[in-house]
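The lines below spell out each chain.
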Amino acid sequence: MSGRGASAMAHEHSTASDEARHDAAEASAHLAEALRLLGPGDPKLAAFFTAFTTRATPEDLTHYSGQGLVALAGQIYAATARRKRNEPLVEILTAPAEAGREETLVIAVNEDIPFLFDSTVGEVRAQGGRILAAFHPVVEEARGPDGVRIAGGASLQIGRAHV
């Protein structure tokens, strides 16, 4: 056995487990606050918010408060309101300010779901960027012929990377 004892390794595992539980609890609290703030006013935005946060890690969710998550999802929802089928959408915006920090928001949307996220993250890193939080929702939505998001109509599954 190495110089480290079993009790030291068990303590490290316990600490990591405690930290993961704390992050998960904090993320749940942020989501609960966000859902309370969203309320029943805009069911389409609420559905987008659910898709936006479903695959997010606790570390990504805790980067924002509940209010920050609502603002971020709202900004992305608005930025992606129009996009024609098979035309990629790439936007670089300033994320909603939170806790006095300014962050760049990269939005990439297309139908090439398996490669979108990895390609976006790879390019941000290749350009020297640091990723503070990343969301990769797959959203089912209908678009009209002009690319505007509509209710009903033919549904299209698209991937989005928000870094």
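Below, the structure is looked at part by part.

Thresholds applied
Residues numbered from 1 in each chain as written. Predicted model: local features only at pLDDT ≥ 70, side-chain atom pairs only at ≥ 80, totals over all residues. Heavy atoms only, no water. Salt bridge = Lys/Arg side-chain N within 4 Å of Asp/Glu carboxyl O. Helix = DSSP H or I, 4+ residues; strand = E, 2+ residues; numbered from the N terminus. Buried < 20%, exposed > 50% of the residue type's maximum accessible area, 1.4 Å probe, protein only. Phe/Tyr/Trp six-rings, centres within 6.5 Å; stacked < 30°, edge-to-face > 60°. Expected span 1.5 Å × (residues − 1). Arc of directions from axis to C-beta.

**As for the pattern of salt bridges**
Where charged atoms from two side chains of opposite charge come close, those side chains can pair. The final tally for this structure, using the stated rule, is 2 salt bridges. D18 is the partner of R21 in a salt bridge, and the nearest nitrogen-oxygen pair spans 2.5 Å. Taken together, the positions of R21 and D18, both in helix 1 (residues 6–38) and 3 residues apart, correspond to about one turn of that helix. Looking at R21, the relative accessible area reads 52%, which means it is exposed. Judged by its relative accessible area of 41%, D18 falls in the partly exposed class. D146 is the salt-bridge partner of R82, the closest N and O atoms lying 3.9 Å from each other. Of this pair, R82 sits in the loop between helix 4 (66–79) and strand 1 (89–94) while D146 sits in the loop between strand 3 (138–143) and strand 4 (149–150), and the two are 64 residues apart along the sequence. Classification of D146 as partly exposed rests on a relative accessible area of 38%.

**So, the packing of aromatic side chains**
Under the criterion given, the structure shown has 4 aromatic pairs. Seen from their ring centres, F48 and F52 are 5.9 Å apart, and the 20 degrees between their planes marks the pair as stacked. Of the two residues, F48 and F52 are both situated in helix 2 (residues 43–54); the distance of 4 residues between them amounts to about one turn of the helix. The exposure classification of F48 matches that of F52, with both residues buried. Between F48 and Y77, the aromatic rings sit 5.3 Å apart at their centres with planes inclined by 50 degrees, giving tilted as the arrangement.

**With respect to helix 2**
Here helix 2 contains 12 residues, and its C-alpha end-to-end distance of 16 Å stays within 8% of the 16 Å for a straight helix at 1.5 Å per residue. Among all positions in helix 2, only L45, F48, F49, F52 and T53 are buried. Take helix 2 and look down its axis: the buried residues cluster within an arc of 120 degrees, on one side only. The exposed residues of helix 2 that point more than 90 degrees off its buried face are P43 and T54.

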